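Structure assessment
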Amino acid sequence: MIGFSRAAQQLVCDGVPLPAIAEAEGTPVYVYSAAVLRERYRAIDDAFGDYPHRLHYALKANSTLALARTLRELGSAADANSIWEIELARKAGFAPPDIVFTGVGKSPAELECAVPLGLKAINVESVGELARVEAIASRLGRTARVALRVNPDIDAKSHPHISTGLKINKFGLPLDDVRELFATIGTRPSLQLVAIHVHIGSQITTTEPLARSAALVRDLVGELRECGIALEYVDLGGGLGISYDGGAVPSAADYAAALLNEVRATGLPIVIEPGRAIVGPSGVLLSRVIDLKPRNADSDFAVLDAGMAELMRPALYGAYHSVEVVTPRPGQQRQYELVGPICESADVVARDRMLAPLAVGDLIAIRDAGAYGSAMASNYNRHPLPAEVLVDDGRWRVIRRRQSIDDMTLLES
Ligand SMILES: Cc1ncc(COP(=O)(O)O)c(C=O)c1O
């Protein structure tokens, strides 16, 4: 049994009891299962079968080095969203030709560093950005490999804060701009157009919008061919959702089939940039109950030692995470509002949950916290960044130690 399961009533990760990790490392602590990480990567990779494809793991979901290295060892390439994620990717062993540089705002300094690296592509988001890349490449006497990120005006039907494919969103080039560029881009010697890119959002739970955006990319490939421009590949972004609440989500096979149905006719290799679907289910945030108090006639507050500083998603998007008592006590279930210790009323981890009766000191596992958890953690209220632990083959090790107050103030005078 891999991942998070129960053995003798206790929650374990790949056979390792979570209380043992909490005792040794303290809480809050992120705990990841290497087996789940590998399984999730392979499921998506296998779903594309023999069709030429490459997964570029989206580091923004979680760029803790040991996890990035684990994915590289499986054959993953990388999607980096800033020059610092590129540096991180290189520390994790990804070579520049295996990195795509995405992101809506690349500063002049970032582009200066990125252009000479020889990345697989810089995914360009505006006409101005394309000109800036071109100017740097021209000055350096290089040809920059670029992909055009199209804004397809397609609704991903995800949370508005993580939907990126509508015209009203800041992302990508409007279709009109893309088509205008087709006429001239082949004549610009410092630019090589290698791909069309699309990414319409995250936590997408039906294949329909993903298929529609893939179909648009296929049509654009055809238009480019008519202009005499042959691409190397198509980049269909990330976005595949996971089931946080037990609801239905597309399987890896459904997802791959939806994309392949649309782009197979192009014959071009597919790049995808999954983040959440790989790393999300591989991690929990382990925390302790540090206080209990009455809320109303039907429920109590359970104050945890982890909140929005460690896991921002519930406060930021009202995101749902299932929570489990690691070692449930006997007795009748009770309703709890699980809140964090941060000085904000938005710092609610989980609302109105029926759980075994809690006592101060009990351990709570916040499930599916591997993506956009530690990556978004902050020092708000001077909370140290939490420790992170990787369980692999029945053994566990610290892959990031808990930040100390000295770490936190190192850059201050
Ligand atoms: C350009 C790009 N690619 C890939 C991803 C990864 O998305 P997800 O984690 O939903 O797969 C994101 C995140 O939203 C993104 O902005």
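Heads up: the structure comes first, above all this text.
In this report, the structure presented in the accompanying data block is examined. (Residues numbered from 1 in each chain as written. Predicted model: local features only at pLDDT ≥ 70, side-chain atom pairs only at ≥ 80, totals over all residues. Heavy atoms only, no water.)

**Remarks on the pairing of strand E6 (residues 77–80)**
Keep this limit in mind: For every residue, the accessible area obtained with a 1.4 Å probe (protein chains only) is divided by the maximum for its type, and the residue is called buried under 20%, exposed over 50%, and partly exposed between those limits. To qualify as a helix, a DSSP run of H or I must reach at least 4 residues; to qualify as a strand, a run of E must reach at least 2; elements of each kind are numbered from the N terminus. At least two bridges found by DSSP between two strands are what make those strands a pair. A right-handed crossover is one whose linking path, passing over the helix from the first strand to the second, runs clockwise when the strands point away from the viewer.
Neither face of E6 is open: one carries Ala77 and Asp79, the other Ala78 and Ala80, and all of them are buried. Two elements, strand E5 (residues 53–58) and E6, share three bridges in a ladder whose sense is parallel. Its bridge partner being in E6, alanine 58 is matched across the sheet by aspartate 79. Crossover handedness for the path E5 to helix H3 (residues 65–73) to E6: right-handed. Bridging between E6 and strand E7 (residues 99–101) involves three bridges; their strand directions are parallel. Note that in E7 the partner of aspartate 79 across the bridge is valine 100.

**Brief notes about the site of the ligand**
Note the following rule: Proximity is defined per residue: if any heavy atom of the residue lies within 4 Å of a molecule or strand, that residue is considered near it. Two N or O atoms count as a polar contact when they lie within 3.5 Å, although within protein this holds only if one can serve as hydrogen donor and the other as acceptor, and sequence-adjacent residues are included solely when both atoms are side-chain atoms. Accessible areas in this description were obtained via Shrake-Rupley with a 1.4 Å probe; residue shielding takes into account the shown protein chains only. Amino acids outside the nonpolar list (Ala, Val, Leu, Ile, Met, Phe, Trp, Tyr, Cys, Pro) and the charged list (Asp, Glu, Lys, Arg) are all regarded as polar, and Gly is one of them.
Around the ligand sit 15 residues, and of these Ser202, Gly239, Glu273, Arg276 and Tyr372 come closest. Between the ligand and glycine 275, the relevant distance is 2.9 Å, taken from an oxygen atom to a main-chain nitrogen or oxygen of the residue. In isolation the ligand exposes 390 Å². Once the protein is present, 93% of that is buried. For the shell around the ligand, the residue count by class is three nonpolar, seven polar and five charged.

**Some details on the sheet that holds strand E1 (residues 4–7)**
Strand order in the open sheet formed by three strands is E1-E2-E3, with antiparallel pairing between adjacent strands. The sheet terminates laterally at E1 and strand E3 (16–17), the two strands that pair on one side only. One ladder, built from four bridges, connects E1 with strand E2 (residues 10–13); its direction is antiparallel. Of the residues in E2, the one forming a bridge with alanine 7 is glutamine 10.

**A few points about the packing of aromatic side chains**
Let me state the cut-off plainly: Working definition: a ring pair exists when centres of Phe, Tyr or Trp rings (six-membered ring for Trp) sit within 6.5 Å. Plane angles under 30 degrees give stacked, over 60 give edge-to-face, the rest tilted. Counting as a charge over the ring demands two things of the Lys NZ or Arg CZ atom: a distance within 6 Å of the ring centre and an angle within 35 degrees of the ring normal.
A full pass over the atoms with the stated rule returns two aromatic pairs. Across from the ring centre of phenylalanine 101, 5.5 Å away, lies the NZ or CZ of lysine 106, which sits over that ring. The ring centre of tyrosine 233 lies 4.8 Å from the NZ or CZ of lysine 120, which sits over that ring.

**Structural notes on the pairing of strand E4 (residues 29–33)**
Side chains on a regular strand alternate between the two faces of the sheet. Where burial is concerned, most of E4 is hidden: five out of the five residues are buried. Burial of the side chains of E4 extends over both faces: Val29, Val31 and Ser33 are buried on one face and Tyr30 and Tyr32 on the other. Here E4 runs beside strand E14 (residues 283–294); their pairing, made up of four bridges, is antiparallel. Across the sheet, residue valine 29 finds its bridge partner in E14, namely leucine 286. Across five bridges, the pairing between E4 and strand E20 (residues 387–392) is parallel.

Distances and angles like these do not, on their own, reveal function.
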